[in-house]
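Chain residues, written in single-letter form:
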Amino acid sequence: MDLDQGPVRSQWGKQIEFVLTMIGYAVGLGNVWRFPYLCFKNGGGAFLIPYTLSLIFLGIPLFALECAFGQYGGKGPLSIWSINPTFKGLGVSMVVASVFVFIYYDVIIAWGLRFLVASFTSDLPWIKCHDCSCLLYDAKNLTEEIVEGLKYNNSIGQNCTDLSLNSTADSPSELYYYKEILHDSGSIEESGDVLWPLLLCNLFAFLVIFLVLLKGIETLGKVVYFTATFPYVLLTILLIRCAMLDGAYDGVLYYLTPKWDRLSDATAWSDAAVQIFFSLSCCMGGLVAMSSYNKFNNNIIRDAFVVPIVNCMTSFYAGFVVFSTLGYMAKIKGVPIEKVTAGGPGLAFIVYPEAIGSMPVSTLWAILFFFMLCILGFSTQFSAAETIMTSIIDEFPKFFNTRKRQTIFRIAVCMMGFILGIPMVTQGGSHLLNLVDEAVLGFPLLLIGLFEYIVIIYLYGFNKFSQDINAMLGRNPFIYFKATWIVISPVLLLAVVVFKAYQMEDFHPGWVGLLYYLIVVFTMMWVPILYFHYSLKHGLWDIMKPKQSWINRRKLSELNKEDKTSEVNDKNTLFINEAPGDKDKLSYVNTAFDDDISKPHDLKDAEMGNGNVTGNGSLAKSADDRKDSANEYSRL
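Residues numbered from 1 in each chain as written. Predicted model: local features only at pLDDT ≥ 70, side-chain atom pairs only at ≥ 80, totals over all residues. Heavy atoms only, no water.

As recorded in an unreviewed UniProt entry, the protein goes by the name Transporter, listed as coming from Biomphalaria glabrata. In the Subcellular location (unreviewed entry) part of its UniProt record, the protein is described as follows: "Membrane". A UniProt comment under Sequence similarities (unreviewed entry) is attached to the protein, and it reads "Belongs to the sodium:neurotransmitter symporter (SNF) (TC 2.A.22) family." (UniProt positions renumbered as here; feature names shortened; annotations may be inferred.)

A. A look at the layout of surface pockets. Here the largest pocket is characterised by a volume of approximately 830 Å³. Along the wall of the largest pocket there are 30 residues; nearest its centre are Tyr37, Lys41, Asn434, Glu438 and Phe507. Listing elements by their share of the lining of the largest pocket, those giving two or more residues are helix 2 (29-41), helix 11 (266-280), helix 17 (429-440) and helix 19 (479-502). Of the residues contributing to the lining of the largest pocket, the split by class is twelve nonpolar, ten polar and eight charged. (1 Å grid on protein atoms, 1.4 Å probe; cavity = no way out; pocket = protein on both sides within 12 Å on 5 of 7 lines; lining within 4 Å. Points joined across faces, edges and corners; volume = space filled by probe spheres on them. Helix = DSSP H or I, 4+ residues; strand = E, 2+ residues; numbered from the N terminus. Nonpolar A, V, L, I, M, F, W, Y, C, P; charged D, E, K, R; others polar.)

B. Main features of helix 20 (residues 510-524). For helix 20, spanning 15 residues, the distance from its first C-alpha to its last is 22 Å, which sits close to the expected 21 Å at 1.5 Å a residue. Of the positions making up helix 20, those classed as buried are Val512, Gly513, Tyr516, Ile519, Val520, Thr523 and Met524. Each buried residue of helix 20 sits inside an arc of 120° when the element is viewed along its axis, so together they form one side. Opposite the packed face of helix 20, turned more than 90 degrees from it, sit the exposed residues Gly510 and Leu514. Against the buried residues of helix 20 lie helix 4 (88-118), helix 17, helix 18 (443-473) and helix 21 (526-538). (Expected span 1.5 Å × (residues − 1). Buried < 20%, exposed > 50% of the residue type's maximum accessible area, 1.4 Å probe, protein only. Arc of directions from axis to C-beta. Contact = heavy atoms within 4.5 Å.)

C. Highlighting the nonpolar core. In terms of nonpolar packing, the biggest core is built from 194 residues, with Phe277, Tyr352, Phe465 and Trp485 touching the most fellow members. Beyond its immediate chain neighbours, meaning those up to four positions away, Tyr352 contacts Val32, Leu235, Leu238, Ala318, Val321, Val322 and Phe369. (Core = buried A, V, L, I, M, F, W, Y, C linked by side-chain atoms within 4.5 Å.)

D. The arrangement of unusual backbone geometry in detail. Look at the link from His508 to Pro509: it is a cis peptide, with omega at -5°. Topologically, Pro509 is positioned in the loop between helix 19 and helix 20. Here His183, not a glycine, exhibits a phi torsion of approximately 45°, which is positive. Within the secondary structure layout, His183 lies in the loop between helix 6 (172-181) and helix 7 (196-212). Overall, His183 belongs to the partly exposed group, its relative accessible area being 36%. Despite not being glycine, Cys283 shows a phi value in the positive range, around 65°. When you line up the elements, Cys283 lands in the loop between helix 11 and helix 12 (286-291).

E. Molecular detail of the state of the cysteines. The full count for this structure, using the stated rule, is one disulfide. The disulfide partner of Cys132 is Cys160, and the S-S distance across this bridge is 2.0 Å. Around the S-S axis, the bridge from Cys132 to Cys160 shows a dihedral of about -75° and counts as left-handed. Separated by 28 residues along the polypeptide, Cys132 in the loop between helix 4 and helix 5 (144-150) and Cys160 in the loop between helix 5 and helix 6 bring together distant segments of the chain. Comparing Cys132 with Cys160, the two get one shared label, buried. (Disulfide = S-S within 2.5 Å.)

F. Highlighting the UniProt feature "binding site: Na(+)" (unreviewed entry) in the protein. Mapped onto the present numbering, the UniProt feature "binding site: Na(+)" (unreviewed entry) falls at Gly24, Ala26, Val27, Asn31, Ser279, Asn311 and Leu376. In sequence the annotated residues extend across 353 residues, while in space they remain close, none of their C-alpha pairs exceeding 12.1 Å. None of the other annotated residues line the largest cavity; only Ala26, Asn31 and Ser279 do. If you trace the backbone, Ala26 turns up in helix 1 (residues 15-26). Filtering out sequence-adjacent residues up to four positions away, Ala26 remains in contact with Asn31, Ser279, Leu280, Ser281, Val307 and Asn311.

G. Geometry of empty space enclosed by the protein. Throughout the structure, instances matching the rule amount to one cavity of 30 Å³ or more. Put simply, the largest cavity is a space of about 110 Å³. If you trace the largest cavity, you find 14 residues lining it, with Tyr25, Phe278, Ser281, Met284 and Thr380 closest to the centre. For the lining of the largest cavity, the secondary structure elements donating two or more residues are helix 1, helix 2, helix 4, helix 11 and helix 15 (362-395).

H. Highlighting the packing of aromatic side chains. Tallied over the full model, the rule gives 42 aromatic pairs. With a centroid separation of 5.7 Å and 25° between ring planes, the pair formed by Phe115 and Phe349 is classed as stacked. One end of the pair, Phe115, is in helix 4; the other, Phe349, is in helix 14 (residues 348-357), with 234 residues separating them in the sequence. Per residue, the accessibility class of Phe115 equals that of Phe349, and both read buried. Among the aromatic residues, those joined into a ring-pair cluster are Trp111, Phe115, Trp126, Tyr176, Tyr177, Tyr178, Phe349, Phe369 and Phe370. In this structure, Arg405 is placed above the aromatic ring of Phe399, and the distance from its NZ or CZ to the ring centre is 4.7 Å. (Phe/Tyr/Trp six-rings, centres within 6.5 Å; stacked < 30°, edge-to-face > 60°. Lys NZ or Arg CZ within 6 Å of the ring centre and 35° of its normal.)

I. Here's a closer look at the packing of helix 7 against helix 16 (residues 403-420). Interhelical geometry of helix 7 versus helix 16 gives an angle of 155° and a closest axis separation of 10 Å. The angle between helix 7 and helix 16 places the two elements in the roughly antiparallel class. The chirality of how helix 7 crosses helix 16 is right-handed. Along the contact surface, helix 7 presents Leu199, Asn202, Leu203, Phe206, Ile209 and Phe210, while helix 16 presents Thr407, Arg410, Ile411, Cys414, Gly417 and Phe418. Here the residues of the contact of helix 7 with helix 16 sort into eight nonpolar, three polar and one charged. (Axes fitted to C-alpha atoms, helices over the stretch in contact; angles between N-to-C directions. Parallel < 35°, antiparallel > 145°, perpendicular 65-115°, else oblique. Left-handed = near helix turned anticlockwise from the far one by under 90°.)

Structure below.
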């Protein structure tokens, strides 16, 4: 019988490794970088409402769908489409989206590494002002006379002739991020020079990724014990400290107070949906790839609730640290919180350093925090990289049939990511990064999610997919999944796509918009291309028919049960030839049916003989017969 198992694949050593890997994949820089930025952009607490609803009606259902799909299929996102070969292009689009994220996400890790290196000093470089624009940042009770004196007599030793009482004061951390780390040119049109410190940090990050993934999930499953848990310790310490800052309460109040007018803006809803997809890593193939390493009977529905909830609670938790610090910065500047600093993905690299600078022994906290930030980034990047590598290796198993070829391929993937990321470590690179981030995580993810529902729930059929889940878990999915998979989630996804398209704004200059749409088209074009290629070759009727090998995988559950029964029978085999007074043999009889007990040497020797012999010399016909014989002997 063809069960479409293909070559023997690795599996997670323990199930907790899968859960921690998925948490590490989901909980990343997006929780402390992108989520606070979107809250800041969409009016603070107002964003929490669409975000929570997106989690319930979009995030958890799609997360469960992809994980169940991957676990049942047992292959990566490119090779799993025996469920409907016509839509294999959907898997290609997932991997292409992962490649884009893989490239620019490493640049953000490089920012964190650059800050980490700069933290190894007694005086943190972003605490003190080194520019005219921040001289008035922390000043109190200013007068014209004081400002006039600061023009020529100040701590930075420069003549600041443009300084005035009404000058806008930037924080030292903001200036350090834009001028020292990014050397920001101010526009995507001015790429400027390559920033060699960031380039080297980017290279180092890819080197770490290669070393960790040298043996695939065998090493990844061990690393996540640290990378998935350590960040929570640092976040808690920072939260306690930030809660003590002056103005922290105002920041938290801004964070939790909804601005109801923002709910009428489709941007807030589409941002919430996209953030859920990005944060949970939906529609990028990673969930399918990681789940494919599960045992066939793993309770994937349970995991599909645990991981998204932990992820979103982490984002919510990290938001308190960011907004308590924003309240502190607003208090210092004397401006409303929404005007305290520029938005953008760099928010975490401005706000968090500001918080660290106010803490005792700030150098130590800076080192620990940016180490944590890098760990968060790596925990996500490891899974993203493994998704890309697994997809290609699964697609060409005969070519990658040796460890040497797989190693060379992993080196090539990391080198490709490094080279393609060079434009993003220039002076205008941060603006290019923002554009790619918006392009990849906008329409492509939403459309991929919508197509997944169409292919799996509508074309293949909810009832058939329920039978697949029943084969794995022994029960059908809950009514919650039936409602969300068939109606709620697809309708909401379609609505978000329509509203996002309706509210799209023009790009300036025009070539930036062209680049944006080229990224979107390049990510999604594989769906129609491979659809027509397969349909013209095999006929349109095949879009409704899965391969028989996909249906046959339901038999894996029965085979697993037979294997377990055989294993139990082996462990229950007894060979008792000692007198009743032998306590060691009697002790073994009483524990012979424990699955975890080791077999004595005499039992192993007996299993090599002709038959399973019980105490009375007869052949045991079943596990129950042997157990009855053992119990009878123990009563003697």
